[in-house]
Amino acid sequence: MSLSELLSYIESVEHGETILMEHSSTDPIHMIFKSLLSMVKPCNPSILIVEVLDTLFLIKKNLEAFGENTEFLDSLDVIKAGGAIEIGNVIKKFEVYEDPHVYMTSFLKALREYYEKNDFTITFLLGVEKLVNLDQVDASIFPLYLGNVIESFLGHGNRIAVYFVNRELALSSFLAHMEEASTRVVEIKHEKGVMIAKIKKSPKPEEYGKEFRVHLEELASLKV
């Protein structure tokens, strides 16, 4: 399926949905992230990035290594969880080396305040699976915290959320909670210069198993 068909699919996503993008450590997520920003730009949304432990910095460096201009990152609103390198307009920062209940409550409050101030927001969450691997986090409880956050905003008509999760780093129980709480699940792979996006879950039964195949050069051509 072509890039135009992928664009049509993205346009079919309803307000209030949560989309889980499952990828590996070697997938070109920096390019996919930039391409999605470009694709949603015509909707004129507010863009909010929630990034964990400097994941946005890694995306920036990978884009620069690819020869991309990364100035577009400077104007993005960012909620930062841990890490030391600030990219974009950081509107809220909280530490993750404390009780998960404390920082998840702070995260939830920051999201609500942002959504109340903006008519329509598309939220990108990057690197959340890293939180489960912190020493002080109870891996059996944390997915429930995050699942509650996701579910509390499902159907919230003025936002769409896109969660990028590295399936190679995420615990299976954590990934299962994320899949259950999301309205759509997309498995990302790439082979021989082609990005493959497979629909694993959708509100529309006929979309299960559908695949989109787009050359990476086409994604790279999209400008934010």
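Structure's up top.
Residues numbered from 1 in each chain as written. Predicted model: local features only at pLDDT ≥ 70, side-chain atom pairs only at ≥ 80, totals over all residues. Heavy atoms only, no water.

Next up on the list: the packing of aromatic side chains. Throughout the structure, instances matching the rule amount to five aromatic pairs. Ring geometry for Phe94 and Phe107: centres 6.2 Å apart, planes at 40°, overall tilted. Linking Phe94 in strand 4 (residues 89-94) with Phe107 in helix 4 (residues 100-117), this pair joins segments that are 13 residues apart in sequence. An identical accessibility class is assigned to Phe94 and Phe107; each is buried. Aromatic pair Phe124 and Phe164: ring centres 6.5 Å apart, planes at 25°, arrangement stacked. Here the residue Phe124 occupies a position in strand 5 (residues 121-126), and Phe164 occupies one in strand 6 (residues 159-166), the gap between them amounting to 40 residues. Given a relative accessible area of 1%, Phe124 falls into the buried group. With a relative accessible area of 2%, Phe164 lands in the buried category. Three or more aromatic residues link up through ring pairs in this structure, and these residues are Phe33, Phe124 and Phe164. (Phe/Tyr/Trp six-rings, centres within 6.5 Å; stacked < 30°, edge-to-face > 60°. Helix = DSSP H or I, 4+ residues; strand = E, 2+ residues; numbered from the N terminus. Buried < 20%, exposed > 50% of the residue type's maximum accessible area, 1.4 Å probe, protein only.)

Right, let's get into the pattern of salt bridges. On inspection of all chains with the given rule, the structure shows 14 salt bridges. Across the pair Glu17 and Arg184 runs a salt bridge, and its minimum N-O distance is 2.7 Å. With a gap of 167 residues between them, Glu17 in the loop between helix 1 (3-11) and strand 1 (18-23) and Arg184 in strand 7 (residues 184-191) connect regions that are remote in the sequence. The two residues Glu17 and Arg184 agree in class, both being buried. One salt bridge in this structure joins Arg213 and Glu211, with 3.4 Å as the shortest N-O distance. (Salt bridge = Lys/Arg side-chain N within 4 Å of Asp/Glu carboxyl O.)

Here the focus is the sheet that holds strand 2 (residues 46-52). Pairing within the open sheet is mixed, and its nine strands lie in the order 4-3-2-5-6-1-7-8-9. Looking along the sheet, the strands with just one partner apiece sit at the ends: strand 4 and strand 9 (211-215). Strand-to-strand twist in this sheet, taken as the mean axis angle between neighbours without regard to direction, amounts to 20°. Relative to strand 6, strand 5 runs parallel, the two sharing six bridges. Looking across to strand 6, one finds that Ile122 is bridged to Ile160. (Pairing = 2+ DSSP bridges. Axes fitted to C-alpha atoms, helices over the stretch in contact; angles between N-to-C directions.)

Turning next to unusual backbone geometry. Notably, Asn44 is not glycine yet its phi reads approximately 55°, a positive angle. Looking at the secondary structure, you find Asn44 in the loop between helix 2 (29-40) and strand 2. Not every positive phi belongs to a glycine, and Lys192 is a case in point at roughly 50°. Residue position: Lys192 is located in the loop between strand 7 and strand 8 (194-201).

Before going further, it helps to spend a moment on the environment of Phe72. Of note, Phe72 is situated in the loop between helix 3 (55-65) and strand 3 (77-81). Taking the C-alpha atoms as reference points, Phe72 and Val224, 152 residues apart in sequence, are found 6.9 Å from one another.

Here we take up the side chain of Ser38. Relative to the helices and strands, Ser38 is located in helix 2. Reaching out from Ser38, the side chain makes a polar contact with the backbone oxygen of Lys223 at a distance of 2.9 Å. Residues in contact with Ser38, not counting those within four places in the same chain, are Leu222, Lys223 and Val224. (Polar contact = N/O pair within 3.5 Å; in protein donor to acceptor, adjacent residues only side chain to side chain. Contact = heavy atoms within 4.5 Å.)

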